[in-house]
Amino acid sequence: MRLAVYVPLLLSLLAPLGARPLSERCEPRLATWLLTVSALVLGAASTVALGLLAVTGLIRIPQLAALGHWSAGSARHQDPTALSVAVVAGVLLGGAVWAAARMFWRRTRTLAAATLDAACMPARDGLVVLEDDAADAYAIPGLPGRVVVSTGMLHTLDETEHDVLLAHERAHLAAHHYAFVAFAQLGAAANPLLRPLATAVTYTIERWADESAAASTGDRRRVARAVGKAALAAHRAPALARAAGAVLGILGRRGPLASAGPVPRRVAALLAPPPGRPRALTAVTAAVVAAAVLATAEAAHDLHRLLAAIGAG
């Protein structure tokens, strides 16, 4: 455990450096998968690492050591982890578990509300049109999901751009983008160092939906124009009172990407050739994830050997 247990924590410091290259250079679907898996695995691995470090402190307490038939004296001599490190790890572990559990509960409750909202909405081909001059559009996951568009948004876009908007929102539902966002945010809740990865996922799912709309309509420039017009109109209009399950919010004012930063990036990406699948970035990301898993497994094995040794002592 001298080194292996710290590898997931070190990788969590370095992983955010790859968030921007992945989101910009990789095909959006691949980027979303890589970022989500990285956030989830690193979040879990770093939490386990904190737990392993915390255990090394607990086994030095005679009363707890007696429960496991371990020797507290042997633990103090053989344990490579300083007691202060174990105490700090225990405090951080408590915070990580609490934050992750809270995030999981909130997401579960939101998804349940979304399913109920979607089921109660009368729709035609999955589309719900709200009579409101404020420009907004979003997707509500459910069984089945719903695409909600205001009349203000429909008036902002022309007929051909309506197809772009609907294709974009339906891509969110078809690919279950809310799940990618939820898993990435769960990893970031357990380890705040991973927040850039979760933020990048909210961008790449939008890019994924943009590319799906471009493939559906066959006109990347039209998609870029629709994205820009809708985002500008939604930014100027007052926000609608959204349904509880509207957690994807694309183009709408409350959506995570309706700011001055990501929307121009999306438009620029649509005006450029479709991104590819760079092997180097993919390989590096896979190596980081694999290293985190292997290091965590090695640290757990080392702790098992330590417990066996002090148990014999």
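Asks: Explain the side chain of His168 to me, please; I cannot follow it from the model alone.
Replies: Counting through the fold element by element, His168 comes out in helix α8 (residues 159–174). Within the structure, the side chain of His168 is placed 3.1 Å from the side chain of Glu206, a separation counted as a polar contact.

Asks: Explanation requested: the pattern of salt bridges in the structure shown.
Replies: Pairs can form between side chains of opposite charge once their charged atoms are near each other. Scanning the model with the defined rule gives 10 salt bridges in all. The shortest N-O distance in the salt bridge between Glu161 and Lys229 comes to 2.9 Å. You can see Glu161 sitting in helix α8 and its partner Lys229 sitting in helix α11 (residues 220–236), a full 68 residues away along the chain. On the basis of relative accessible area, Glu161 is assigned to the buried category, the value being 0%. Here Glu211 and Arg220 are joined by a salt bridge, their closest N and O atoms 2.6 Å apart. Looking at Glu211, the relative accessible area reads 14%, which means it is buried. Shared partners join several salt bridges into a network, and the residues in it are Arg20, Glu24 and Arg265.

Asks: Mind showing me how you'd approach the packing of α8 against helix α10 (residues 195–217) here?
Replies: The relative placement of two packed helices is expressed as an angle between their axes plus a distance between the axes. Relative to each other, α8 and α10 sit at 130 degrees, their axes nearing to 8 Å. Relative to α10, the element α8 lies oblique. Crossing hand, α8 versus α10: right-handed. Where α8 abuts α10, its residues Val164, Ala167, His168, Ala171 and His172 lie against Ile205, Glu206, Ala209, Asp210, Ser212, Ala213, Ser216 and Thr217. Looking at the contact of α8 with α10 residue by residue, the class counts come to 6 nonpolar, 5 polar and 2 charged.

Asks: Help me understand the environment of Leu14, please; the structure alone is not making it clear to me.
Replies: Inspection of the secondary structure puts Leu14 in helix α1 (residues 7–14). With relative accessibility at 44%, the residue Leu14 sits in the partly exposed group.

Asks: Sorry if this is basic, but what is going on with a nonpolar patch on the surface here?
Replies: Where nonpolar side chains cluster on the molecular surface, the patch consists of Leu10, Leu13, Leu14, Leu17 and Leu193 and spans about 500 Å² of accessible area. Considering the arrangement of structural elements, one finds Leu17 in the loop between α1 and α2 (19–25). Accessibility expressed as a relative area gives 65% for Leu17, which makes it exposed.

Asks: What exactly am I supposed to notice about the sheet that holds strand β1 (residues 127–130) here?
Replies: By way of backbone hydrogen bonds, the strands of a sheet pair with one another, either parallel or antiparallel. Spatially, β1-β3-β2 is the arrangement adopted by the 3 strands of the open sheet, whose pairing is mixed. Whereas interior strands pair on both sides, the edge strands pair on one side only; in this sheet they are β1 and β2 (137–140). Across the sheet, the mean angle from the axis of one strand to that of its neighbour is 20 degrees, orientation sign disregarded. Where β2 lies against strand β3 (residues 146–150), 4 bridges are found, and the strand directions are antiparallel. Its bridge partner lying in β3, Ile140 is registered against Arg146.

Asks: Explain the nonpolar core here, please?
Replies: Within soluble globular proteins, side chains that are nonpolar tend to cluster in buried spots. Core analysis: the largest hydrophobic core is formed by 26 residues, its most contacted members being Leu22, Cys26, Leu35, Leu42, Leu197 and Val201. Put simply, the parts of the chain that give this core at least two residues each are α2, α3 (28–58), α9 (177–190), α10 and α13 (279–312). It is α3 that contributes the most residues to this core, 7 residues altogether.

Asks: I keep staring at the pairing of β3 and nothing clicks. Help me out?
Replies: Every other side chain in a regular strand lies on the same face of the sheet, so the side chains alternate between the two faces. Buried residues dominate β3, accounting for 5 of its 5 residues. Across 4 bridges, β1 lies against β3 in parallel orientation. Opposite Leu130, over in β3, you have Ser150 as the bridge partner. In sequence, β2 turns back onto β3 through a hairpin of 5 residues.

Asks: Hey, could you run me through the environment of Leu197 in this one?
Replies: Residue placement: Leu197 occurs in helix α10. In this structure Leu197 comes out as buried when scored by relative accessible area, which is 2%. Placed 162 residues apart in sequence, Leu197 and Leu35 show a C-alpha to C-alpha distance of 5.9 Å. Among all residues touching Leu197, those that are not within four sequence positions of it are Ala15, Pro16, Ala19, Leu35, Ser38 and Ala39.

Procedures and definitions
Residues numbered from 1 in each chain as written. Predicted model: local features only at pLDDT ≥ 70, side-chain atom pairs only at ≥ 80, totals over all residues. Heavy atoms only, no water. Helix = DSSP H or I, 4+ residues; strand = E, 2+ residues; numbered from the N terminus. Polar contact = N/O pair within 3.5 Å; in protein donor to acceptor, adjacent residues only side chain to side chain. Salt bridge = Lys/Arg side-chain N within 4 Å of Asp/Glu carboxyl O. Buried < 20%, exposed > 50% of the residue type's maximum accessible area, 1.4 Å probe, protein only. Axes fitted to C-alpha atoms, helices over the stretch in contact; angles between N-to-C directions. Parallel < 35°, antiparallel > 145°, perpendicular 65-115°, else oblique. Left-handed = near helix turned anticlockwise from the far one by under 90°. Contact = heavy atoms within 4.5 Å. Nonpolar A, V, L, I, M, F, W, Y, C, P; charged D, E, K, R; others polar. Patch = residues over 30% accessible without salt bridge, like charges linked within 9 Å, V, L, I, M, F, W, Y side chains within 5 Å. Areas by Shrake-Rupley, 256 points an atom, 1.4 Å probe, with all protein chains shown as cover. Pairing = 2+ DSSP bridges. Core = buried A, V, L, I, M, F, W, Y, C linked by side-chain atoms within 4.5 Å.

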